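Summary of structural features
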Amino acid sequence: QVQLVESGGGLVQPGGSLRLACEASGLRLDSHTIAWFRQAPGKEREGVSCINYQDGSTQSADSVKGRFTFSRDNRKNTVYLQIDRLKPEDTAVYYCAAEFRGFCALEAQRYDYWGQGTQVTVSS
């Protein structure tokens, strides 16, 4: 029943911006902690940012703090990730994940539901 669908990826030059979206169905954002992960070719999946269902508090990886902004629209059941000042090392497939009543954490094994991902490519 749970579906997560990511969108908004694309090809962007270094320093550019993207706004990713994760549309959720079959779950409520106010009862699920949502997280963004990314995976580059040949590398392990990396936690990017998450938002706690209880209080809306967030946690982000040090590499993206100040550049990535998490937002939540409970009415639309959609989470957004605004990415600014993109770097080549940000190139990856970005995934949305959810955990029922979970605390915010950047560990992939904690999350039960996953989307199919959206490709972000940062290149000149």
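For the structure itself, look to the data block above.
Residues numbered from 1 in each chain as written. Predicted model: local features only at pLDDT ≥ 70, side-chain atom pairs only at ≥ 80, totals over all residues. Heavy atoms only, no water.

Notes on the overall build of the protein chain
Counting its regular elements, the protein chain contains 0 helices and 11 strands. Taken along its principal axes, the extent of the C-alpha atoms in the protein chain is 40 × 25 × 25 Å. The burial tally for the protein chain puts 47% of its 124 residues in the buried class. The long-range fraction of contacts in the protein chain, counting pairs at least 24 apart against all pairs at least 6 apart in sequence, stands at 61%. In the form shown here, the protein chain has an accessible surface area of approximately 6600 Å², with 42% of it arising from carbon and sulfur atoms. Side chains of the protein chain give 14 positive and 14 negative charges; the mean places of these two sets differ by 4 Å. (Helix = DSSP H or I, 4+ residues; strand = E, 2+ residues; numbered from the N terminus. Buried < 20%, exposed > 50% of the residue type's maximum accessible area, 1.4 Å probe, protein only. Contact = heavy atoms within 4.5 Å. Areas by Shrake-Rupley, 256 points an atom, 1.4 Å probe, with all protein chains shown as cover. Lys, Arg positive; Asp, Glu negative; His and termini not counted. Charge placed at Lys NZ, Arg CZ, Asp CG, Glu CD.)

A look at unusual backbone geometry
For N77, which is not a glycine, the phi torsion comes out positive at approximately 55°. Note on placement: N77 falls in the loop between β7 (68-73) and β8 (78-83). Overall, the relative accessible area of 13% leaves N77 in the buried class. At R101, a position not held by glycine, the phi torsion is positive, near 50°. Taking the relative accessible area as the measure of exposure, R101 reaches 53% and is therefore exposed.

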